[in-house]
Amino acid sequence: MKKIFATVLLLMASLILVACEESNNADSFDENDIVDLSNEDMATLLSEIDWEQKSGIMLSVDLEFGINIAFLLGLDRMLTAEAYSETYFYDSETISDAGFYSETDFIFSITNAESETTDGETIMTSEGEGTFNVYLNAGYLFVKPELQLSSGGTTTSISSTEKRNEAVTQEIWDDVRAGSMIEQIPLVPSMDSINEFIDEMDVESMAAWMDDFPVITVYQKNSVTDIHFEVTKSFLLDHLEDIAMYMFAGMLSSDETDDASEDEIAYFVSMLEDEINDYETLSMTADIIIDNDGLVSCTVSIDIATDIATIENSYDEFNFSMDMALNFDVEMPDFPNDLDDYTAVDEIGKNWDLMDLLTKIVG
C-alpha cells in the first residue's frame, strides 16, 4: 500500500481535470466570500455545471519530483526532475482541421540513492536537460527532441527534427476523439468509466459523500463562483475511519463488508494511519470557477513528500509537486516556420538509439 494516498490524490486530480475547463485565478476570493450552502445545495451546484467540451485548450504543467526507480529497474537509483510544459489543442471532427502544439523544457539527474560508496567515493551522477516539442498540423505529426546528457565524464546528445511521412488517418483520429486510444494507457480511466461515475453521482449520493468528507468550500463574488476542493494530511488523519470504510467497501463485496469484524476494520485503519504518517507533506487543492455563462476555469495543485525519518528504506523515498491549469477557448499559437524542413520518416524516433541512452543514464 506504499504511496497509496499519493496515488489517490493524483487520480482525484486527473478526474477533476477531465471535467474542467479554462484556468483562472482563484486567489481573488477570501473568507468574506464564503457562501453557507448545505451539502444538498453544493451537490446541486456541481450537478448543474455544463461540462460541454470547448475547442481551443491550453494546458500548462509545472512539476518537480524525486523518486527511487528501483521498482522499475532493480537498481537503487534516485531520479529527480523538473519540467514545465505548455500544450495547446484545437479539437475538430476532421483531422486536417485539428491542431496540437506542445513544448516542454526539462532537467533531470539520476544518482545512487546512497550518496557515497563503502569506500567513500562519490557515486557517479547522470544529468540531463533539454526540450521535447510535438506538433500536429494539417494531419501531420512533427517531433523535435533536444537532449544533452552528461554521465561518467562523457556527453551524449540527441537533436532531431522529424516528420511522419504519412498523415494521421481520419479513422485513427476518430478513435482518439472517442477516447479508445486513451483507454489503452495503463491506470488512465476510460471516458466511459468517467462518464458513468459522473452519471451515478446524483445529488443525493454526492450530498451523502460530502457529509462524510467535507472537502468543499464555495466562494461567491458578484456573478463568479469558486468551488474549492482541499485535502490535507491532517484531514485524512481526522477522517481515518470513514476513509477506511470506503476503501474497505471497494475491496470487498457488500456481504464481506457487512461481515467484517471490528478487529479487521481497526487493523485496516491502523495500516492507513501508518501509511499517511509516512508522508511529511500530503495535500491537494483544486478550484473550479463558474459564472453566469457556465464553467470558466480549473486549477489543481498537488504537494506530496515522504517523511525521511519514518520510511523504512530509501526505496520508499518520494516527493512530488505539481501546479496544473487548463485554459479553454484560447487561440492556437503560430506553428514554427521551419516544419517543412523536418526530415520525413516512416517511424519517428527509430534512429534515436534510446536504449544506449537509457544505459548511460542509469549507469
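In this report, we go over the structure that sits alongside the text. (Residues numbered from 1 in each chain as written. Predicted model: local features only at pLDDT ≥ 70, side-chain atom pairs only at ≥ 80, totals over all residues. Heavy atoms only, no water.)

Our next topic: the overall build of the protein chain. Within the protein chain one finds 11 helices and 13 strands. Residues counted as buried form 39% of the 363 residues belonging to the protein chain. Considering only intrachain contacts with a sequence separation of at least 6, the fraction spanning at least 24 residues in the protein chain is 68%. Taken as a whole, the protein chain presents about 20400 Å² of accessible surface, with 49% of it coming from carbon and sulfur. (Helix = DSSP H or I, 4+ residues; strand = E, 2+ residues; numbered from the N terminus. Buried < 20%, exposed > 50% of the residue type's maximum accessible area, 1.4 Å probe, protein only. Contact = heavy atoms within 4.5 Å. Areas by Shrake-Rupley, 256 points an atom, 1.4 Å probe, with all protein chains shown as cover.)

Time to look at the pattern of salt bridges. Counted by the stated rule, this structure contains 1 salt bridge. Here Lys221 makes a salt bridge to Asp33, at a shortest N to O gap of 3.7 Å. Of this pair, Lys221 sits in strand S8 (residues 216-221) while Asp33 sits in the loop between helix H1 (4-19) and helix H2 (39-47), and the two are 188 residues apart along the sequence. With relative accessibility at 30%, the residue Lys221 sits in the partly exposed group. Look at Asp33 and you get buried, because its relative accessible area is 12%. (Salt bridge = Lys/Arg side-chain N within 4 Å of Asp/Glu carboxyl O.)

Formed by 50 residues in total, the largest nonpolar core has its most connected members in Leu46 and Ile216. No other element matches the 6 residues that strand S10 (residues 279-291) contributes to this core. Dropping the residues within four chain positions of it, Ile216 is found in contact with Met42, Leu46, Met210, Ile227, His228 and Phe229. In this structure, Met58, Tyr88, Tyr101 and Tyr342 belong to the second largest nonpolar core, which totals 7 residues. (Core = buried A, V, L, I, M, F, W, Y, C linked by side-chain atoms within 4.5 Å.)

Let us now look at the environment of Asn351. In this structure, Asn351 sits in the loop between strand S13 (343-345) and helix H11 (354-362). C-alpha of Asn351 to C-alpha of Ile158: the two residues are 193 residues apart in sequence and 9.9 Å apart in space.

Let's shift gears to the packing of aromatic side chains. A full pass over the atoms with the stated rule returns 8 aromatic pairs. Between the aromatic rings of Tyr135 and Phe335, the centroid separation amounts to 6.2 Å while the plane-to-plane angle is 80°, which identifies the pairing as edge-to-face. Separated by 200 residues along the polypeptide, Tyr135 in strand S4 (residues 126-137) and Phe335 in the loop between strand S12 (318-328) and S13 bring together distant segments of the chain. Relative accessible area serves as the criterion here: at 2%, Tyr135 is assigned to the buried category. Consider the rings of Phe142 and Tyr342, whose centres lie 5.7 Å apart with planes at 80°: the pair is edge-to-face. One end of the pair, Phe142, is in strand S5 (residues 140-151); the other, Tyr342, is in the loop between S12 and S13, with 200 residues separating them in the sequence. One residue, Lys163, lies across the ring of Tyr140, its end atom 4.5 Å from the ring centre. (Phe/Tyr/Trp six-rings, centres within 6.5 Å; stacked < 30°, edge-to-face > 60°. Lys NZ or Arg CZ within 6 Å of the ring centre and 35° of its normal.)

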